[in-house]
Amino acid sequence: MNNFTFYNPTRIEFGKGTIAKLGKLIPSGSRIMLTYGGGSIKRNGVYDQVIKALEGYEIIEFGGIEANPQFETCKLGIALALKGDVDFLLAIGGGSVLDGTKFIAAGMKADSDDLWKLVTREVPIKDAVPLGCVLTLPATGSEMNPNFVISRRETKEKKGNASPKIFPVFSILDPETTMSLPGRQTANGVVDSFIHVMEQYLTVNINTPIQDRQAEGVLLTLIEEGPKVMKNPNDYEARANIMWSSTMALNGLIGAGVVHDWSSHVIGHQLTALYGVDHGRTLAIVLPGVMEHQREAKGERILQYARRVWGITAGTREEIINLAIERTVEFFESLGVSTTLKGNGCPEEAVSLVGKRFRGEGMKLGEHGAIDGKAVEEILSLRSGY
Ligand code: NZQ
Ligand code: ZN
């Protein structure tokens, strides 16, 4: 096992009716800025619950943080919060609202000329305004991690940074808030969570049985519970299991001391930046291609995944790896998530355009640094669908 630091200060309040606890979680006398997205929280009653729980606080609001939060939008949020002398941010929504809010929190404490550099990691995040979260979409793990990902429309970029300063102080996870999710978003969230686990699991064997079995537990839960929420969006138990799986997939626990990959994410971000494909869907395209392309390097772990997650025991090494990739693709497709570029509305030239971006930056991805621009093209060709 590799050396690691595990630090996670986020308090989780999980379950039905927990939004009512907000008043106990935010210091009294705080000047709060509520941040939210395009209005789902006003339609599903979450906004009303928050306002009721925050009686007596001074509140301003910043709505309109879009899916794949935009740099320019967040800059408006920073300006508003500074003008309003805000000392606590409360994000209400999915990963995009939360990531946008984390960036606002860090941006409020940064030099205004450095804001994009905070995203590109050219300047460090030295400080941030404290933030909390009411999560309405289980997917990103942002509710219990120190990361954000921000997009910039005019340059078609999507980049991220992380800092312990931007862990949410608390996150409220009420599974009932997720019952209003459209099926597409529910499915995206299951796939995103699944692939967060895979990026921390499907690398090399360094004798980490605890992390492996925790990771497999999350995968098995998503495979069992995912179809239940797709079939019955009001199944509270299944919603709760998905919500907690999703947090556990990216809060640092299963990733402690193991070797990470993250190539599917880095390649997937380019598909969102160029073509606006939903984050989870980009991963469903890329991961099966990475598994196929890296079948030698990742072979031992794919075999363990095949055996322990899908119960595949018979066959040659190559047959078992083929079957594991097939089962993974079938699972995503069964949730209504297409796993090809074509199926997700990307043109065939996406293969070379994305490859070019990596060639240009000379970036090498994967746990062995073996995925270069040419390999990215090969991976995407495998998933083209054309
Ligand atoms: O904007 P509103 O009206 O709220 O609608 C949202 C949005 O349109 C809607 N929604 C959310 N909760 C709802 C709901 N609709 C009905 N009922 C509810 N309860 O869902 C749509 C998508 O929301 P979004 O927040 O964009 O989705 P998600 O949580 O998947 O977040 C995606 C973003 O997170 C980043 C992605 O790159 C992407 O920008 N990620 C962040 C990570 C992190 N911070 O660690 C890791 C991830 O790998 C990912 O990169
Ligand atoms: Zn993700």
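Residues numbered from 1 in each chain as written. Chains lettered and ligands numbered in written order. Predicted model: local features only at pLDDT ≥ 70, side-chain atom pairs only at ≥ 80, totals over all residues. Heavy atoms only, no water.

Asker: So what's going on with the overall build of the protein? Which residues, and what values?
Answerer: Counting its secondary structure elements, the protein contains 15 helices and 8 strands. Relative to the globule expectation of 21 Å for 386 residues, the C-alpha radius of gyration of the protein, 20 Å, shows essentially globular dimensions. For the protein, the spread of C-alpha atoms along the three principal axes comes to 65 × 45 × 40 Å. In the protein, which comprises 386 residues, the share counted as buried stands at 56%. For the protein, the proportion of contacts with a sequence separation of at least 24, taken over those separated by at least 6, is 76%. (Helix = DSSP H or I, 4+ residues; strand = E, 2+ residues; numbered from the N terminus. Rg over C-alpha atoms; globule rule 2.2 N^0.38 Å. Buried < 20%, exposed > 50% of the residue type's maximum accessible area, 1.4 Å probe, protein only. Contact = heavy atoms within 4.5 Å.)

Asker: I'd love a proper account of the site of ligand 1, names of residues and values included.
Answerer: Taken together, 32 residues are adjacent to ligand 1, and Gly 38, Ser 40, Gly 95, Ser 96 and Lys 158 come closest. Here a nitrogen atom of ligand 1 and a side-chain polar atom of Asp 99 are 2.8 Å apart. Here a nitrogen atom of ligand 1 and a backbone polar atom of Asn 147 are 3.2 Å apart. Of all the secondary structure elements, the ones that give two or more residues to the shell around ligand 1 are helix 5 (95–107), strand 6 (147–152), helix 7 (183–201) and helix 10 (263–275). Looking at side-chain class alone, the shell around ligand 1 contains 8 nonpolar, 21 polar and 3 charged residues. When residues of the shell around ligand 1 are assigned to domains, at least three fall in each of domain 1 (11–178) and domain 2 (183–382). (Near = heavy atom within 4 Å. Polar contact = N/O pair within 3.5 Å; in protein donor to acceptor, adjacent residues only side chain to side chain. Nonpolar A, V, L, I, M, F, W, Y, C, P; charged D, E, K, R; others polar. Domains from an automatic or database assignment.)

Asker: Run through the coordination of the zinc ion (ligand 2), naming residues and quoting values.
Answerer: Coordination of the zinc ion (ligand 2) by the protein involves Asp 192 (OD), His 196 (NE2), His 265 (NE2) and His 279 (NE2), with metal-donor separations of 2.0 to 2.1 Å. Counting gaps between the donor residues of the zinc ion (ligand 2) yields the pattern D-x3-H-x68-H-x13-H. One end of the pair, Asp 192, is in helix 7; the other, His 265, is in helix 10, and 73 residues separate them in sequence. Looking at His 265, the relative accessible area reads 9%, which means it is buried. (Donors = N, O, S within 2.8 Å, 3.2 Å for Na, K, Ca; no water.)

Asker: Please give an account of the pattern of salt bridges that cites residues and values.
Answerer: This model, assessed by the stated rule, comprises 23 salt bridges. The partner of Glu 13 in a salt bridge is Arg 11, with the nearest N and O atoms 2.8 Å apart. According to the relative accessible area criterion, Arg 11 is partly exposed, its value standing at 49%. Arg 327 is paired through a salt bridge with Glu 330; the nearest N and O atoms lie 3.9 Å apart. Of this pair, Arg 327 and Glu 330 both sit in helix 13 (residues 317–334), 3 residues apart, which is roughly one turn of the helix. In this structure Glu 330 comes out as partly exposed when scored by relative accessible area, which is 44%. Taken together, the salt bridges that share partners define one network made up of Glu 292, Arg 295, Glu 296, Glu 300, Arg 317 and Glu 318. (Salt bridge = Lys/Arg side-chain N within 4 Å of Asp/Glu carboxyl O.)

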